[in-house]
Amino acid sequence: MRRRRFIRLASTALASLSFLPYSVGKLHAQSLPQAVWVENGEPEALLRRALKEYGGLERFIQKGNRVVIKPNIGWDRPPELAANTNPHLVAALVKACKQAGAREVIVFDRTCNNPRRCYRNSQIEKLAKDAGARVEQIRPNRFKNIAIQGQLVKEWPIYETYLKADKVINVPIAKHHSLSRVTLGLKNLMGVMGGNRGDIHNHFAQKLAEIDRKILPTLTIIDAYRILTDNGPIGGNPKDVKLTKTLIISDCTVSADYLALQLFDLKLDEVAHVQVAYQMGLAKYAPEKLKVKRIQLS
């Protein structure tokens with residue numbers, strides 16, 4: 001083989017090898033589902049299996065990342081009443097982030113009831129701290145106006161810790177809501193919004209989608225271990241709580257919400273804010289083509 005031809009072939013081979021890890025990683029990601037639905041387990045087991053089927057948390061969290069976990073801690077309710085995210089799920093997620101290499105894990109929410117009582121009675125404060133998280137209460141001076149440039153919302157204050165995080169994991173509880181029918185991932189993001197949130201309730205679906213478009217999280221994990229089927233979002237009556245032992249995970253908040261509608265026997269055109277989110281292009285995946293892996297534990 002002539003020297004010039006040998007060099008050309010060798011260069012081509014080396015160039016191919018240099019792209020191999022990227023190609024393998026891309027093919028691996030394409031083979032994974034776009035969402036995972038796991039049921040019939042305890043919160044820790046549901047999360048563990050969901051992450052495994054979704055390619056591991058290391059797909060999303062890299063070593064040294066500063067991670068925000070945003071559960072629903074909005075109400076002065078114990079876990080049994082399904083108004084807040086399950087504290088055992090939050091604690092398991094904190095540990096998983098640490099194991100994935102997160103430098104710091106921060107947990108917070110802008111509560112509707114007294115924050116101290118919400119943090120304590122939800123049990124999220126204690127269990128998340130025990131798992132290694134920094135649990136902090138919202139400070140009013142830490143909201144920063146960001147440009148929204150929507151039809152109805154031009155700018156809105158968002159919590160600075162959320163904006164500065166390397167990665168964000170949104171962990172809502174699935175529950176009934178008197179205004180929006182359900183509260184899931186998209187609506188849970190209201191817990192990082194400042195200002196008068198009552199203003200968002202006028203033309204709610206449009207305004208929520210406009211703000212959410214600027215602050216979509218890395219990953220959404222819907223806690224449906226217990227769901228609140230009526231009198232939400234506050235709840236308070238054990239008769240409204242249903243034990244469903246389910247968890248949904250997706251890197252697309254809109255897709256996760258779309259799947260969770262099944263828990264309430266709702267269709268997409270019955271929940272305006274999820275429908276508007278699709279219409280505004282917030283979803284990564286089309287609902288009719290969504291690749292979902294469903295798992296039954298035990």
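Note that the structure is a prediction, hence the values are computed from the model and not measured. (Residues numbered from 1 in each chain as written. Predicted model: local features only at pLDDT ≥ 70, side-chain atom pairs only at ≥ 80, totals over all residues. Heavy atoms only, no water.)

**Here's the deal with the packing of helix H9 (residues 204-212) against helix H11 (residues 272-279)**
Pairs of packed helices are described in terms of their axes, by the angle between the two and the distance that separates them. One way to put it is that H9 packs onto H11 with a least axis distance of 8 Å and a crossing angle of 50°. In terms of orientation, H9 lies oblique with respect to H11. With respect to the hand of their crossing, H9 and H11 are arranged in right-handed fashion. Where H9 approaches H11, its residues Phe 204, Ala 205, Gln 206, Leu 208 and Ala 209 are matched on the opposing element by Ala 272, His 273, Val 276 and Ala 277. Taken together, the residues of the contact of H9 with H11 sort by class into 7 nonpolar, 2 polar and no charged. (Axes fitted to C-alpha atoms, helices over the stretch in contact; angles between N-to-C directions. Helix = DSSP H or I, 4+ residues; strand = E, 2+ residues; numbered from the N terminus. Parallel < 35°, antiparallel > 145°, perpendicular 65-115°, else oblique. Left-handed = near helix turned anticlockwise from the far one by under 90°. Contact = heavy atoms within 4.5 Å. Nonpolar A, V, L, I, M, F, W, Y, C, P; charged D, E, K, R; others polar.)

**Brief notes about H11**
Considered for burial, the residues of H11 that qualify are His 273, Val 274, Val 276, Ala 277 and Tyr 278. Contacts made by the buried residues of H11 are with strand E9 (181-183), helix H8 (185-188), H9 and helix H10 (253-260). One or two steps after H11, the chain reaches Gly 281, where phi turns positive at roughly 80°. (Buried < 20%, exposed > 50% of the residue type's maximum accessible area, 1.4 Å probe, protein only.)

**Observations concerning the side chain of Asn 86**
If you trace the backbone, Asn 86 turns up in the loop between strand E2 (66-71) and helix H4 (87-99). If we skip the residues at most four places from it in the chain, Asn 86 touches Pro 43, Asp 223, Tyr 225 and Arg 226.

**What about the nonpolar core?**
Here is a general trend for soluble globular proteins: nonpolar side chains tend to be buried in one another's company. Among the nonpolar cores identified, the biggest contains 89 residues, and Ile 69, Val 107, Ile 169, Met 193 and Ile 221 are the most heavily contacted of them. The residues touching Met 193, leaving out its near neighbours within four places in the chain, are Arg 110, Phe 143, Trp 156, Pro 157, Ile 158, Ile 200, Leu 208, Ile 211, Asp 212 and Ile 215. (Core = buried A, V, L, I, M, F, W, Y, C linked by side-chain atoms within 4.5 Å.)

**Observations regarding the environment of Gly 191**
One can find Gly 191 in the loop between H8 and H9. Under the relative-accessibility criterion, Gly 191 is labelled buried at 5%. Sequence separation between Gly 191 and Phe 108 is 83 residues; the distance between their C-alpha atoms is 8.5 Å. If we skip the residues at most four places from it in the chain, Gly 191 touches Lys 70, Asp 109, Arg 110, Ile 138 and Arg 197.

**With respect to the side chain of Lys 175**
As for its placement among the helices and strands, Lys 175 is situated in strand E8 (residues 173-177). It is Asp 109 that comes nearest to the buried, bridge-free Lys 175 among opposite-charge side chains, at 8.2 Å. Residues within four places of Lys 175 in sequence aside, it is in contact with Asn 72, Trp 75, Ala 82, Ala 83, Arg 181, Val 182, Thr 183, Leu 228, Pro 233 and Phe 264. (Lys, Arg positive; Asp, Glu negative; His and termini not counted. Salt bridge = Lys/Arg side-chain N within 4 Å of Asp/Glu carboxyl O.)

**Looking at the packing of helix H3 (residues 43-53) against H4**
Where H3 contacts H4, the axes come no closer than 8 Å and their chain directions differ by 40°. In terms of axis orientation, H3 runs oblique to H4. Seen along the crossing, H3 lies across H4 with a hand that is right-handed. Residue-level contacts link Pro 43, Glu 44, Leu 47 and Leu 51 of H3 to His 88, Leu 89, Ala 92, Leu 93 and Ala 96 of H4.

**Considerations on the packing of aromatic side chains**
For the structure on display, the rule yields 4 aromatic pairs. With a centroid separation of 6.0 Å and an interplanar angle of 90°, the aromatic rings of Tyr 258 and Tyr 278 are classed as edge-to-face. Linking Tyr 258 in helix H10 with Tyr 278 in helix H11, this pair joins segments that are 20 residues apart in sequence. Given a relative accessible area of 15%, Tyr 278 falls into the buried group. Aromatic ring contacts, followed pair by pair, group Phe 108, Phe 143 and Tyr 159 into a single cluster. Lying across the ring of Tyr 54, Arg 59 places its NZ or CZ 4.9 Å from the centre. Above the face of the Trp 37 ring, Arg 294 is positioned so that its terminal group lies 4.6 Å from the ring centre. (Phe/Tyr/Trp six-rings, centres within 6.5 Å; stacked < 30°, edge-to-face > 60°. Lys NZ or Arg CZ within 6 Å of the ring centre and 35° of its normal.)

**Digging into the confidence of the model for the chain**
Residues at a pLDDT of 70 or more form 90% of the chain, whose mean pLDDT is 93. Predicted confidence is poor over residues 14-22, with pLDDT under 50, and the contacts of this stretch with residues over four places away or in other chains come to 0 contacts. (pLDDT = per-residue confidence, 0-100.)

**Section: unusual backbone geometry**
One can expect most non-glycine residues to show negative phi and most peptide bonds to be in trans. Geometrically, the link from Gly 232 to Pro 233 is a cis peptide bond, its omega value of 10° lying close to zero. Mapping Pro 233 onto the fold places it in the loop between strand E10 (219-228) and strand E11 (241-250). Here Asp 265, not a glycine, exhibits a phi torsion of approximately 55°, which is positive. In this structure, Asp 265 sits in the loop between H10 and H11.

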